[in-house]
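Spelled out, the chains give:
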Amino acid sequence: MPAAAPTPRATSFAYVVLAHTDPRRVLAAVQRIQELSPGARVLVRHTRGSGFLPARELAAAGAQELHSRLRVGWGTWSLTAAVLEALRTAEERWQPRATVVVSGQDHPVRDLRRWEEGILERGTDALLRPDPRDYVERYRDCWHEVPGGELLPPRWVGSVARLSERAGDLVGGPRLRLAGGRTLVLGHRRGPGCPAAPEGMVYRKGSLWMTLSARAVQHLLAAEQDRAVQRYFASTLVPDESFAHSVLGALPGLLVEAGPTSWPFFPPGGGAHPRSVVLSDLEAVRDSGAAFTRKVVSPVSDAFVHAVDALVDADRAAAGCPG
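Residues numbered from 1 in each chain as written. Predicted model: local features only at pLDDT ≥ 70, side-chain atom pairs only at ≥ 80, totals over all residues. Heavy atoms only, no water.

S.K.: Looking at this structure, I do not really get the side chain of D281. What am I missing?
M.R.: Here D281 is to be found in the loop between β12 (262-264) and α10 (282-288). You can call D281 buried: its relative accessible area is 5%. Here V278 takes part through its backbone nitrogen, which lies 2.9 Å from a polar atom of the side chain of D281. (Helix = DSSP H or I, 4+ residues; strand = E, 2+ residues; numbered from the N terminus. Buried < 20%, exposed > 50% of the residue type's maximum accessible area, 1.4 Å probe, protein only. Polar contact = N/O pair within 3.5 Å; in protein donor to acceptor, adjacent residues only side chain to side chain.)

Shown next, in the form of structure tokens:
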């Protein structure tokens, strides 16, 4: 008997919003996503308790909540686990054809419905923004979160981590590092007892914010269940920026497109975290091709939000879009 045809997926796009602060900004982003893509589903994941997002306002904005008990330590496996938890939840609830992962400080910068159509028409399995720079210490060394590190004074932790890193670089020994600029971790050369890289998998790094087809999501969820894969990436530094890129990049037959889902702006000279978006960033954001930008923070970014919303609305009116 021939195999039954797969059930068509009724939901085209789902948006997973990883939120940790500023509930008003999160609600504004959700509302704008629904305005620009009325048929989309939106899932807001957070760990801030039942009062973080008003249930009535969240429902009115067309979103559902995932109140997670999973504690996130920046720069550790826990953030990757949080993304996979949200992807799994969206898949269980809606079975979308594609899922977009953004933060609660993201804001749409183009007509999402037309952007979604382009993703589906091209058959894109993963829209990933790669980072070609060499981060060999992230996977050459074996990294562990320091228990209780979050209880130490941040200024003291930063000073000790910088001194330890310099000493470790000089003598090749263990060193402390602030992963993601926030979580104290200990690194040492990978040796016996440390998880080895899965056979045939090349370490790749890039942005956490991404767009995934249903089968790309299924591959990532399956990889999470592979103990060897999970243990290896949990022993690397900032695995949320490498897990999806490495796993999906190793799979033949997937159409992985290099490009941004969200466009960030970093301070001059770089930094662990992007700066706030301002009005003068408008042209660069629109030229980036990204569907979102971050990080949008009130009141610094208010003028930008008003301006980009007006441009997107003008684009939609010119294209004959309703609303």
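S.K.: Sorry if this is basic, but what is going on with unusual backbone geometry here?
M.R.: Here the bond from R294 into K295 is cis, since omega is 0°, no more than 30 degrees from zero. Tracing the chain through its elements places K295 in the loop between β13 (292-294) and α11 (302-318). Of note, Q95 is a non-glycine position whose phi angle comes to about 50°, a positive value. Tracing the backbone through its elements, the reader meets Q95 in the loop between α3 (77-94) and β4 (98-103). Take Q95: its relative accessible area is 34%, and that puts it in the partly exposed class. The phi dihedral of V238 is positive, around 55°, even though this residue is not glycine. In this fold, V238 is placed in the loop between α8 (227-234) and α9 (243-249).

S.K.: I keep staring at the side chain of T80 and nothing clicks. Help me out?
M.R.: Structurally, T80 can be placed in helix α3. Of note is the side chain of T80, whose polar atom sits 3.1 Å from the backbone nitrogen of D240. Once residues within four sequence positions are removed from consideration, T80 is found in contact with P239, D240 and F243. (Contact = heavy atoms within 4.5 Å.)

S.K.: Explain empty space enclosed by the protein here, please?
M.R.: A probe as big as a water molecule, rolled over the atoms, marks out the empty space that is left. Overall, the coordinates contain 1 cavity of 30 Å³ or more when judged by the stated rule. Roughly 60 Å³ of internal volume is contained in the largest cavity. Lining the largest cavity, in full, are T80, V83, L84, L87, L208, M210, L220, D240, F243 and A244. Among the secondary structure elements, those contributing two or more residues to the lining of the largest cavity are α3 and α9. Here the residues of the lining of the largest cavity sort into 8 nonpolar, 1 polar and 1 charged. (1 Å grid on protein atoms, 1.4 Å probe; cavity = no way out; pocket = protein on both sides within 12 Å on 5 of 7 lines; lining within 4 Å. Points joined across faces, edges and corners; volume = space filled by probe spheres on them. Nonpolar A, V, L, I, M, F, W, Y, C, P; charged D, E, K, R; others polar.)

S.K.: It is not clear to me how the pairing of strand β3 (residues 63-67) should be interpreted in this structure. Could you clarify?
M.R.: Consecutive side chains along a regular strand alternate between the two faces of the sheet. Alignment of strand β2 (residues 41-46) against β3, held across 5 bridges, turns out to be parallel. By the bridge assignment, V44 is partnered in β3 with E65. Note that the unit made of β2, helix α2 (residues 55-60) and β3 has a crossover that is right-handed. (Pairing = 2+ DSSP bridges. Right-handed = clockwise from strand over helix to strand, strands pointing away.)

S.K.: Mind showing me how you'd approach the sheet that holds β12 here?
M.R.: Strand order in this open sheet of 3 strands is β5-β13-β12, and the pairing throughout is mixed. Because the sheet does not close on itself, it has two edges, and the strands there are β5 (107-108) and β12. Across 2 bridges, the pairing between β5 and β13 is antiparallel. Counterpart to P108 in the pairing with β13 is F292.

S.K.: Help me understand helix α4 (residues 112-122), please; the structure alone is not making it clear to me.
M.R.: Residues separated by three or four positions in an α-helix point in the same direction, a consequence of the helix having 3.6 residues per turn. Three or more residues of α4 are buried, namely L112, W115, E116, G118 and I119. On an axial view of α4, the arc spanned by its buried residues comes to 155°, and they lie on one face. Opposite the buried face of α4, at more than 90 degrees from it, the exposed residues are R114 and E121. The opening residue of α4, the one whose side-chain oxygen lies 3.2 Å from the backbone nitrogen of R113, is D111. Count one or two residues on from α4 and you reach G123, which has phi positive near 70°. (Arc of directions from axis to C-beta.)

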